[in-house]
Amino acid sequence: MDEVTFKSDTVLSDVHLYTPNHRHLMVRLNGMGQPVFLSQFKLLWTRDAQTDSGAAGGGHSAVPAEEMPTPGPGSAGCPRGSGCGADGTDTTGRAGPGAQLDEDGDLDVERRPRAASDPEPAGPPRDKVHPMILTQEEEDTLADGAGEGRPQDIIRIEHTMATPLEDVGKQVWRGALLLADYILFQRDLFQGRTVLELGAGTGLASIVAATVARTVYCTDVGADLLAMCQRNIALNGHLTAAGGGVIKVKELDWLQDDLCTDPEVPFSWSQEDISDLYSHTTILLAAEVFYDDDLTDALFTTLSRLAHKLKNACTAILSVEKRLNFTLRHLDVTCEAYEHFRSWLQRLEKRADSRLRFAVEPVEASFPQLLAYERTRQL
């Protein structure tokens, strides 16, 4: 073949294949020429909504079968047990009075085209189907879900679906949905707090946190990705406005020791924001950023550096999906990225520091599900 059909570095998130109660709509091309989709994720605020969405146990709600219409006044009904079929024929094998049989003894039903003068049927007329050309306007992408739910029950996220490895932050990953779900479950923990999310990607978890938190610093690297975060925040202003939270999109490079304060750089930090970050932050978030060992090293180095500068004790909530792979080196199914992540947690627990002490507690993914997605065992 002269042309390359598939690239080995293309990564695809499968969240869009399993998440119910949403739609995916291509809305534009981003600055990299990648198609951007708008998806809707449903919040299960009430017990009834939780049951309807099939959140309990991760299943889907059953759709009841349609009831058969009862015969109308003009219908020819059949007495129960009389042997009369639904079409008026005799189910006992005998032809009715006046029925005509063909030469083989089969019932011969004469069919004729319906004349224009025939009266309309007793039942409702069938809908006529006309071809339509559907157009997508900009304001349609900001609509309230076209009847799929109340605005306060829907999170709208712009994202891509297949990207090179360096752009995976533009996709929606299941670990971010789990983290957002945990925030909804632990709303009291976030009430009025200042939160910093590292590697925010599309900003999903930051948006959910801002429904209860006072200030959320949504951070990542890359102007195109951060612009997508900013757009998603605008799409969900109806959610954050209700809680009064403020989301500030900022660049935070894990490979740099200091925050960028150059006003010419998009999404740089002001001195006021830096002072607020170090003075008031008590919760750190990170989801699905442990897929590469070098990035994992950089993240934990950043966590340690921030912990030295933060004035308050803080809680870091980390979400990861264990991805199993068969490797030739082990000749077995392994999860090396997850094992490297776990080794860092053990290293933090053993760290001897006169000022800092880290305690690590696992959180089982068994808390009630308040966001519609597929919660797998690997989360």
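Residues numbered from 1 in each chain as written. Predicted model: local features only at pLDDT ≥ 70, side-chain atom pairs only at ≥ 80, totals over all residues. Heavy atoms only, no water.

(A) Structural detail: empty space enclosed by the protein. For the structure shown, the criterion picks out two cavities of 30 Å³ or more. In this model, the largest cavity occupies a volume close to 80 Å³. What lines the largest cavity is simply Leu 252, Asp 253, Gln 256, Asp 257, Asp 258, Leu 259, Tyr 278, Thr 302, Arg 305, Leu 306 and Lys 309. Sorting elements by how many residues they give to the lining of the largest cavity places helix H9 (residues 293-309) first, with four residues. Looking at the lining of the largest cavity residue by residue, the classes come out as four nonpolar, two polar and five charged. (1 Å grid on protein atoms, 1.4 Å probe; cavity = no way out; pocket = protein on both sides within 12 Å on 5 of 7 lines; lining within 4 Å. Points joined across faces, edges and corners; volume = space filled by probe spheres on them. Helix = DSSP H or I, 4+ residues; strand = E, 2+ residues; numbered from the N terminus. Nonpolar A, V, L, I, M, F, W, Y, C, P; charged D, E, K, R; others polar.)

(B) Up close: the pairing of strand S3 (residues 35-42). Taken across its eight residues, S3 has seven buried, putting it largely inside the fold. In terms of strand pairing, S3 meets strand S4 (residues 154-159) through six bridges, oriented antiparallel. Across the sheet, residue Phe 41 finds its bridge partner in S4, namely Ile 155. (Buried < 20%, exposed > 50% of the residue type's maximum accessible area, 1.4 Å probe, protein only. Pairing = 2+ DSSP bridges.)

(C) Fine view of the nonpolar core. The biggest cluster of nonpolar side chains holds 42 residues, and the ones touching the most others in it are Ile 155, Leu 177, Ile 183, Phe 190, Leu 204, Leu 285 and Leu 371. Listing elements by their share of this core, those giving two or more residues are S4, helix H3 (174-185), helix H5 (204-209), strand S7 (215-220), helix H6 (223-235), strand S8 (246-251) and strand S9 (281-287). At eight residues, H3 tops the list of elements feeding residues into this core. In this structure, Leu 177 is in contact with Val 15, Phe 41, Val 172, Leu 204, Leu 371 and Tyr 373, ignoring residues within four places of it in sequence. Formed by 27 residues, the second largest nonpolar core is a distinct cluster that contains Tyr 217, Trp 254, Leu 299 and Trp 344. (Core = buried A, V, L, I, M, F, W, Y, C linked by side-chain atoms within 4.5 Å. Contact = heavy atoms within 4.5 Å.)

(D) Summary view of the packing of aromatic side chains. Within this structure, the stated rule accounts for nine aromatic pairs. Taken together, a centroid distance of 5.4 Å and an interplanar angle of 25° make the contact between Tyr 217 and Trp 269 stacked. Of the two residues, Tyr 217 is situated in strand S7 and Trp 269 in the loop between S8 and helix H8 (271-280); the sequence distance between them amounts to 52 residues. Judged on exposure class, the residue Tyr 217 and its partner Trp 269 are both buried. Taking 6.1 Å as the distance between ring centres and 40° as the angle between the ring planes, the aromatic pair formed by Tyr 338 and Phe 341 counts as tilted. Taken together, the positions of Tyr 338 and Phe 341, both in helix H10 (residues 336-349) and three residues apart, correspond to about one turn of that helix. On the accessibility criterion, Tyr 338 (18% relative accessible area) is buried. Taken together, Phe 290, Phe 300, Tyr 338, Phe 341 and Trp 344 form an aromatic cluster joined through their ring pairs. (Phe/Tyr/Trp six-rings, centres within 6.5 Å; stacked < 30°, edge-to-face > 60°.)

(E) Summary view of the confidence of the model for the protein chain. The predicted model of the protein chain has a mean per-residue pLDDT of 76, with 65% of residues at 70 or higher. Taken together, the stretch residues 47-97 has pLDDT below 50 and engages in 30 contacts with residues farther than four places along the chain or on a different chain. Every residue in residues 126-147 scores below 50 in pLDDT, and together they form 17 contacts with partners more than four places removed in sequence or on other chains. (pLDDT = per-residue confidence, 0-100.)

(F) A look at the sheet that holds strand S6 (residues 194-198). If you trace the five strands from one edge of the open sheet to the other, you get S8-S7-S6-S9-S10, paired in parallel fashion. Each end of this open sheet is capped by a strand with a single partner; those strands are S8 and strand S10 (315-319). Within the sheet, the average angular offset between the axes of one strand and its neighbour, ignoring direction, is 20°. Direction of pairing for S7 relative to S8: parallel, over a ladder of six bridges. (Axes fitted to C-alpha atoms, helices over the stretch in contact; angles between N-to-C directions.)

(G) Spatial organisation of the layout of surface pockets. Within this model, the largest pocket holds a volume of roughly 1,300 Å³. Lining of the largest pocket is provided by 41 residues; of these, Ala 316, Ile 317, Leu 318, Val 360 and Glu 361 occupy positions nearest its centre. Secondary-structure elements contributing two or more residues to the lining of the largest pocket are H3, H9, S10 and H10. Here the lining of the largest pocket is composed, by residue class, of 28 nonpolar, five polar and eight charged. Estimated volume of the second largest pocket: approximately 1,100 Å³. Around the second largest pocket, the lining comprises 47 residues; the ones closest to its centre are Val 168, Gly 169, Glu 288, Tyr 291 and Leu 295. For the lining of the second largest pocket, the secondary structure elements donating two or more residues are H5, S7, H6, strand S11 (325-327) and H10. When its residues are assigned to classes, the lining of the second largest pocket shows 25 nonpolar, 10 polar and 12 charged.

(H) Representation of the pattern of salt bridges within the structure. Counting across every chain of the model gives 14 salt bridges. The partner of Arg 323 in a salt bridge is Glu 321, and the shortest N-O contact between them spans 3.5 Å. Accessibility expressed as a relative area gives 32% for Arg 323, which makes it partly exposed. Residues joined by salt bridges that share partners form a network here, namely Arg 174, Glu 288, Glu 321, Arg 323 and Glu 374. (Salt bridge = Lys/Arg side-chain N within 4 Å of Asp/Glu carboxyl O.)

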